[in-house]
Structures are given as C-alpha cells and as structure tokens.
Amino acid sequence: MNIPSVFWLVPIASVCALGMAWYFFRQMMREEEGTPRMAEIAEYVRRGAMAYLKQQYRVVLIVFIVLALIFSFMAYVLHVQNPWVPFAFLTGGFFSGLAGFFGMKTATYASARTANAARHSMDRGLRVAFRSGAVMGLVVVGLGLLDIALWFIVLNSVYHGDAKMLIIITTTMLTFGMGASTQALFARVGGGIYTKAADVGADLVGKVEANIPEDDPRNPATIADNVGDNVGDVAGMGADLYESYCGSILSTAALGATAFAMNPDMQMRAVIAPMIIAAVGIFLSIFGIFLVRTKEGATMKDLLHSLGVGTNASAILIAVASFVILYLLGIENWVGVSFSVVTGLVAGVIIGQGTEYYTSHSYKPTQKIAESSQTGAATVIIKGIGTGMISTMVPVVTISVAILLSYLCANGFSLSMDSVSMSHGLYGIGIAAVGMLSTLGITLATDAYGPIADNAGGNAEMSELEPEVRKRTDALDALGNTTAATGKGFAIGSAALTALALLASYVEEVKIAMERTVDAAGNFVSDTYGAINPTTADIAQFMDYFQVNLMNPKVLVGAFIGGMAAFLFCGLTMGAVGRAAQSMVEEVRRQFREIKGILEGKGTPDYSRCVEISTRSAQQEMIFPSLLAIAIPIVVGMALGVAGVMGLLVGGLTAGFTLAVFMANSGGAWDNAKKMVEEGNFGGKGSACHKATIVGDTVGDPFKDTSGPSLNILIKLMSMVSIVMAGLTIACGM
C-alpha cells in the first residue's frame, strides 16, 4: 500500500521542530553570560552535568546491549518475535537519550544567561529561560516524530503487499517505545536520586544546621544541587515525555490498524491520523512559544497567566485543527473521533489546573501548609500528605470521565461491547492521549523552564548579584515549581490513557504470537484453554479464551502484583535517595568541620567531592529498581500467562496513577509552602517556620522529583515489556 502524500507532513514537522530548537539555542547563546564569576559557576555546573550524563549512558549502554542480545535470541533462534524488534528497541533508547542530552546541554548554558537577563528585567529573564526550555520541548517532539516517520517508511517498504502489513508495522514500532521507556526510566531514577541527594544535603546542613541561605557558595553541596536540577528535571523529564509522546502515537496507530482491519484504505488513514495531529501540534506549539511574555513587577498569577496564554492558545487551535485533519483524512465518524481528541485536551487542561490549585502558593491548600509551619515540621508533613491525598480526586475523576467520553465518542455512543464497537472505542481512548500530548512542544517548554530558572537563582546567589536580581529569579523559580508540578500531572494523565490503549495493543501482539504456532487447520491449540483461530477471533473472544475476568484468580493475583509493584518501586527509589542523602549530609558536615574558614567565606569548599558522591550514588542505586520494572512483567507472563499480565497492567495502572499524583502534588505543595515563607510570611527566611517548611520540602523532594514522576514510566514500561515479551508468554503455554 502506498503511503498517502499527507503523511510527509510528519517528517517535515519534525525537521521544523528541530530547526526551531536550533534557532532558540543559537538565540540563547547570543545572550551574555554575565560577570566572570557567573560564567565560572555556570562552567562548574555544566562540567558536572555532562560528566554525570556520560557515566549514566555508559551504564545504560550495557543494559541495552544485553537486552538487545536477548531480543535477538528470541527473534532469530526461538522465532517468537519479529526480527526488527532488536533494532527498533535500540533506536528508541538512542533517540530518547539524545533528546535528554540536547535539552540538558541547553539548560546548562541558559542558567547564567537567564540570571544576567534578569538583571535587566523580569520579562527578559522569563523569555530567555522559557525559550531555552522550548529547546527541550521541540527536540523531544522533533526527534520523536522523526523516529516514528523513519520506521514507518522503512517497515512499509519491507512489508509492502502483505495483507496484514499495517498491523505488523504498528506492533513492531511499539517495541521502539520499550527502548524509549527503558532509557527514560534510567534517566528519571538516576537523575532523581542524584538531584535529591544533593538537594537534601544542601538544605538540611546548609539551611537548617548552618543557617546560611539557599545556594550560598559556602555550602559544598551547592554545585551538586545545581547539577542535579539539570540531570533530573531536564534530561530525566525530556526522556520521560519523549516516551510518553511516542507511546501515545504508536499505541493509537496500532489500535487504528486493528479497528479498521476490514477496510485497508480507512486503516491506513486511521494509522497516520495520530501522526498528522502530532505534526500540526508542533507548528501550533511554536506559535504558542512566541506568545509568552510578561511585564515588570509581575505577580505569580501574572506569570502563570503569561505561560497560560501560550499553552492555552496552542491547545484551542489544535482542538479546532483536529476536526479539519480528521475530516480531510475521511476518517469514519470523524466528528466523534475529533471530540475524543478534544476530550484528551480538556482533560489535560483540567489536570493541569487542578495541580496548579493544589501546589501553587497563590491558592489555599499550599497557603494552609505554610500556615501549619507555626506548630512545627510534623504538622507541615501531615498537612502536605493530606493535601496530596485529597488532590488525587481531580485527576482520577477527570481521567475516568475522559476514558468514558473518548470511548463513546469514537464508537458512536454504542454500549453493545461487540468487537467493532470496542475496537473503535479503544481507538478513541488512544487518540485522546495523542490530543493531550499534541502540544507537548510548548507544554514541555513550561516544564524544562523550571530548572533553568532555579539554576539562574543559584547563580545569582553564588555570584552575589544585587538583591533585586535574586528577587526576580525567585519569582521565576516559584513559577517553575508550579509549572513543573503541572507538567508532572500532565505526564501522568497522558500515561494513564496511553497505558489503557497499550492494553489493547498487548492483545493484538498476543494474537500475532499465536499465529506463529497455528496447526494445519489454522487453530492455536493450548492444553489449558483449548483451540481458537487467532486470525478470525476478535478482542472479546480472546478475553473469553484466556478467561480474563474478575473471577479468574490469575487476573486478581496479577492485579495485586501490579499494585504492589508501584509501591515497591517507590519504596526502593525513596530508600535510594535516603541513603545517597545520608552520604551527602555527612560529607557537608565533614567539610564544615574540617575545612577552616568555610562559614566565614575565607575557605573554599570541595564542590567536586559532593558532585562525585551524587554521581556514584545515582549510578549504583538506579540499576535495581529499573531492572525490576523490566523483570516483573516477564515473570508474571511466564507464571500466570496472558490473564495474569492483563491483571498486572490494570493493577499497576490504577495504583501507579493515583500514587504518582499524590506524590507529585504533595512534593510540589511542600516546595511552594517553603517559598511562601521565604517571601517574608510567618517570619521569613531563617525563622522557625522556615526551618519547618524546609523539613517538609526535604521530605517532598524524592516524592516529586524521583519516585512520583518515575511511576508514569513504570506504568508504560510494564505495558511495553509485556507487548515485546508476548511471544515468550505464549511459547510458555500460558
């Protein structure tokens, strides 16, 4: 089947995104870096960040080589997997790592330039930071769509003429999503451990014990803290959302291939539709980026409004464009499918607004946490945990409504649950996830902007710039905390929709695996379940065949293991941060004790030693939790079969989604409660209330920057691993 000419908009959009990313990078590099001291500090951070990333990529490369060899054995020796899988897996990881690398390189050059721009005006500081963050956003969507377009072209030429061409192509492409997810998990976990070890050490010893300001050059952990902001919140977040973006497009394309299998012409249109929507979203994201600006003396609400203008304009325009795109493509029930896209967009906005309400100190929940500091750190922690738990209601209800609406809109509001109705409805859920992430170029820009503003504040403090500059960078940083929390809520919301779509993709991959071992009559025969013809069976028949229902103990056990996996993963990553932070606290105390004159500003701290501790801890601690996420679906598949895996994915999705929202929002609220006190409320900096909120923020650090944001990758990685290993599950006779 020939590729429609409209498809070429996809690679064109990806090249445009990468071109604009290069333009914003060059524009940022033309800005002055400031005083020699500002340039020196920026160089320390840049060197530390790049050294960490190189070390991380060495470790991840070993893991990828081992996994690629396993996939090669499965494909070429056992013949239970498509032969293209090992290559797709490697390219997914490569492009994901590349996106994180480019984003972090930009961020480490942008921080000092943002601080210097803030010496002139708030608007100039915001524009430098935001457009530098836009490099991350545009690189992610550009590389993501480029990878998808190249694989689609290659596989289309290989399988051209095959009756099941598009089903084979889309399910094979899903495996490069596993490569992206694996790389993202290592980046998120490793970066999160690094940044929080440094942050906790710097806060507990510097602010609480030594009573010196945040980012004070006398604190040995300050440079490591600034490096950590980049490796965790830029490289980690970039790799994270790269796999979310690709996963939503690929899973929807796979569902389109299944839903319209009886109509080859419509099938091709349904497969490329999510790619076209994402391509148009790139152009609208670029338009939205140019709309972001503010005025001098802007309040937090003014700054939020400035970012909102850009993101909301892009969202509204892509909603309108979706109707036009799907109409011109001639998609069956194009109006309903368009409303599914709108459902995803609206859900993303509601989740973002809900997150902002619970984490910004412009609103009551965070203000109440700051107020509770008057009775000590314990009440700050209790109030923060309670706020985080309550905050899960908005995203959970929103996603639940979005799932139902997107399903019903796409299948013409049919409740019959026949195979056609289910296939079309699931396609609607998938395309809702695409809608939510279609303007990721600007959404991620608002997220990557946060650590750049944070580092700019650190640079201003260490360079001893005038108080007005620090005041401006603090305002930009507080805004960054809120946008980062919003971005994390947005990421986990899209993960929920994508993971649900991947459930249906898993069934399709199981079907393909069964077709490899049919008998002469075309039936797949199992000692446990009997015979079925995988070529003609629909989703409902597969569910009956494998007894995927709530009365099957395999499903229930799988669901319990999935829920446990989310908590186990969080426990391991929280413990890793705790151990790394202990080492950092001991090192900072040692330097204060042994290096004479540090606190008087006469001695020079050993910054490199703290950077080394964070790097070593992150490399050692990230391996076990990450490999566990890969191992659990394989073990469950071999022990409990398809029914157990379906239970695992549902349990992991429901527990992981709720837990991730709780952790991200608690952490964001604690952080901004501290910022509120630092602005002069309840005694201001150095007061007992300030120290109480620092303790709350310290507890919240691994919540919001390590364990919480890693969960949305865990959810999708378990789905991706299950899909890739479906052939092995079937081969084991389950």
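**With respect to the overall build of the protein chain**
In step 1: In terms of helices and strands, the protein chain carries 21 helices and two strands.
In step 2: Oriented by its inertia axes, the alpha-carbon framework of the protein chain measures out at about 85 × 45 × 40 Å.
In step 3: Split into buried and exposed, the 734 residues of the protein chain put 66% on the buried side.
In step 4: Across the protein chain, contacts joining residues at least 24 apart in sequence account for 82% of those joining residues at least 6 apart.
In step 5: Only carbon and sulfur atoms are counted for the fraction: they give 65% of the accessible area of the protein chain, which is about 24,000 Å².
In step 6: Averaged over its 46 positive side-chain charges, the protein chain has a centre that lies 5 Å from the centre of its 54 negative ones.

**Digging into helix H20 (residues 688–724)**
In step 1: Helix length check: H20, at 37 residues, gives a terminal C-alpha distance of 53 Å against a target of 54 Å (1.5 Å per residue), a fit within 8%.
In step 2: Of all the bends in H20, the greatest, near 35 degrees, is centred on glycine 700, and the proline proline 702 appears no more than four residues after it.
In step 3: Extensive coverage of H20 is indicated by the burial of 33 of its 37 residues.

**Digging into the pattern of salt bridges**
In step 1: Here the structure, examined in full by the defined rule, presents 25 salt bridges.
In step 2: Taking the shortest distance from any N to any O, the salt bridge between glutamate 40 and arginine 37 comes out at 3.5 Å. Of the two residues, glutamate 40 and arginine 37 are both situated in helix H2 (residues 36–76); the distance of three residues between them amounts to about one turn of the helix.
In step 3: Overall, glutamate 40 belongs to the partly exposed group, its relative accessible area being 36%.
In step 4: Relative accessible area serves as the criterion here: at 30%, arginine 37 is assigned to the partly exposed category.
In step 5: Between lysine 674 and aspartate 697 there is a salt bridge, with its nearest N and O atoms 2.9 Å apart. Within this pair, whereas lysine 674 is found in helix H19 (residues 623–678), its partner aspartate 697 is found in helix H20, the two being separated by 23 residues in sequence. Note on accessibility: lysine 674 and aspartate 697 belong to one class, buried.

**A word on the packing of aromatic side chains**
In step 1: Under the counting rule described, the total for this entry stands at 23 aromatic pairs.
In step 2: The interplanar angle of 85 degrees and the centroid separation of 5.9 Å between the aromatic rings of tryptophan 84 and tryptophan 151 together place this pair among those described as edge-to-face. Residue tryptophan 84 is found in the loop between H2 and helix H3 (85–118), and its partner tryptophan 151 is found in helix H4 (residues 122–158); the two are separated by 67 residues along the sequence.
In step 3: For the pair phenylalanine 260 and tyrosine 427, a centre-to-centre distance of 6.0 Å together with 90 degrees between the ring planes defines the contact as edge-to-face. Of the two residues, phenylalanine 260 is situated in the loop between helix H6 (222–259) and helix H7 (264–289) and tyrosine 427 in helix H13 (residues 419–437); the sequence distance between them amounts to 167 residues. Taken as a pair, phenylalanine 260 and tyrosine 427 share a single burial class, namely buried.
In step 4: The lysine or arginine in question, arginine 46, covers the ring of tyrosine 109, its NZ or CZ lying 4.0 Å from the ring centre.

**A closer look at the packing of H2 against H6**
In step 1: With their axes 9 Å apart at the nearest point, H2 and H6 run at an angle of 50 degrees to one another. Regarding the angle of H2 to H6, the classification is oblique. Helix-helix and strand crossings are classified by hand; for H2 and H6 the assignment is right-handed. Across from Ile41, Tyr44, Val45, Gly48, Ala49, Tyr52 and Leu53 in H2, the residues of H6 making contact are Ile223, Asn226, Val227, Asn230, Val231 and Ala235.
In step 2: Within the contact of H2 with H6, the residues separate by chemical class into ten nonpolar, three polar and no charged.

**Overview of the confidence of the model for the protein chain**
In step 1: Residues of the protein chain with pLDDT of at least 70 account for 97%, and the chain-wide mean is 86.
In step 2: Of all the helices and strands in the protein chain, helix H15 (residues 467–515) carries the lowest mean pLDDT, 78, while helix H11 (residues 377–391) carries the highest, 95.

**Section: the environment of valine 271**
In step 1: Here valine 271 shows up in helix H7.
In step 2: For valine 271, a relative accessible area of 0% corresponds to the buried category.
In step 3: Measuring from C-alpha to C-alpha, the distance between valine 271 and threonine 170 comes to 8.1 Å, with 101 residues separating the pair along the chain.
In step 4: Once residues within four sequence positions are removed from consideration, valine 271 is found in contact with Phe152, Leu166, Thr170, Ala253, Gly256 and Ala257.

**Quick word on the environment of glycine 571**
In step 1: One can find glycine 571 in helix H17 (residues 553–594).
In step 2: Classification of glycine 571 as partly exposed rests on a relative accessible area of 42%.
In step 3: Separated by 54 residues in sequence, glycine 571 and proline 625 have C-alpha atoms that sit 9.4 Å apart.

**What about the state of the cysteines?**
In step 1: Scanning all chains against the criterion turns up zero disulfides.
In step 2: Unpaired in terms of disulfides, cysteine 16 finds its nearest cysteine sulfur in cysteine 246, a separation of 18 Å.
In step 3: Taking relative accessible area as the criterion, cysteine 246 reaches 1% and is therefore assigned buried.

**Focus on unusual backbone geometry**
In step 1: Located in the positive-phi region is asparagine 333, a residue other than glycine, with phi close to 55 degrees.
In step 2: Tracing the backbone through its elements, the reader meets asparagine 333 in the loop between helix H8 (300–329) and helix H9 (334–359).
In step 3: If you check the backbone angles, glutamate 464 has positive phi at about 55 degrees while not being a glycine.
In step 4: As for its position among the elements, glutamate 464 is in the loop between helix H14 (440–462) and H15.

**Describing the environment of aspartate 233**
In step 1: Along the chain, aspartate 233 falls in helix H6.
In step 2: For aspartate 233, a relative accessible area of 15% gives the class buried.
In step 3: When the C-alpha atoms of aspartate 233 and glycine 100 are compared, they prove to be 9.9 Å apart, with 133 residues separating the residues in sequence.
In step 4: Apart from the residues lying within four places of it in its own chain, the contact partners of aspartate 233 are Arg188, Gly228, Pro451 and Asp705.

**Quick look at helix H5 (residues 165–209)**
In step 1: When the terminal C-alpha atoms of H5 are compared, their 65 Å separation across 45 residues agrees well with the 66 Å that a helix rising 1.5 Å per residue should span.
In step 2: Trailing H5 by a residue or two, asparagine 211 shows a phi angle of about 60 degrees, which is positive.

**Section: the side chain of serine 14**
In step 1: Relative to the helices and strands, serine 14 resides in helix H1 (residues 9–29).
In step 2: A polar side-chain atom of serine 14 sits 2.7 Å from the main-chain carbonyl oxygen of proline 11.
In step 3: Apart from the residues within four sequence positions on either side, serine 14 is in contact with Gly142, Leu145, Leu146 and Ile282.

**Quick look at the side chain of arginine 472**
In step 1: Note on placement: arginine 472 falls in helix H15.
In step 2: For arginine 472, a relative accessible area of 11% puts it in the buried group.
In step 3: A polar contact is formed between the side chain of arginine 472 and the backbone oxygen of arginine 119, at a distance of 3.3 Å.

Thresholds, definitions, all that
- Residues numbered from 1 in each chain as written.
- Predicted model: local features only at pLDDT ≥ 70, side-chain atom pairs only at ≥ 80, totals over all residues.
- Heavy atoms only, no water.
- Helix = DSSP H or I, 4+ residues; strand = E, 2+ residues; numbered from the N terminus.
- Buried < 20%, exposed > 50% of the residue type's maximum accessible area, 1.4 Å probe, protein only.
- Contact = heavy atoms within 4.5 Å.
- Areas by Shrake-Rupley, 256 points an atom, 1.4 Å probe, with all protein chains shown as cover.
- Lys, Arg positive; Asp, Glu negative; His and termini not counted.
- Charge placed at Lys NZ, Arg CZ, Asp CG, Glu CD.
- Expected span 1.5 Å × (residues − 1).
- Bend = angle between axes of the 7 residues up to and from the residue.
- Salt bridge = Lys/Arg side-chain N within 4 Å of Asp/Glu carboxyl O.
- Phe/Tyr/Trp six-rings, centres within 6.5 Å; stacked < 30°, edge-to-face > 60°.
- Lys NZ or Arg CZ within 6 Å of the ring centre and 35° of its normal.
- Axes fitted to C-alpha atoms, helices over the stretch in contact; angles between N-to-C directions.
- Parallel < 35°, antiparallel > 145°, perpendicular 65-115°, else oblique.
- Left-handed = near helix turned anticlockwise from the far one by under 90°.
- Nonpolar A, V, L, I, M, F, W, Y, C, P; charged D, E, K, R; others polar.
- pLDDT = per-residue confidence, 0-100.
- Disulfide = S-S within 2.5 Å.
- Polar contact = N/O pair within 3.5 Å; in protein donor to acceptor, adjacent residues only side chain to side chain.

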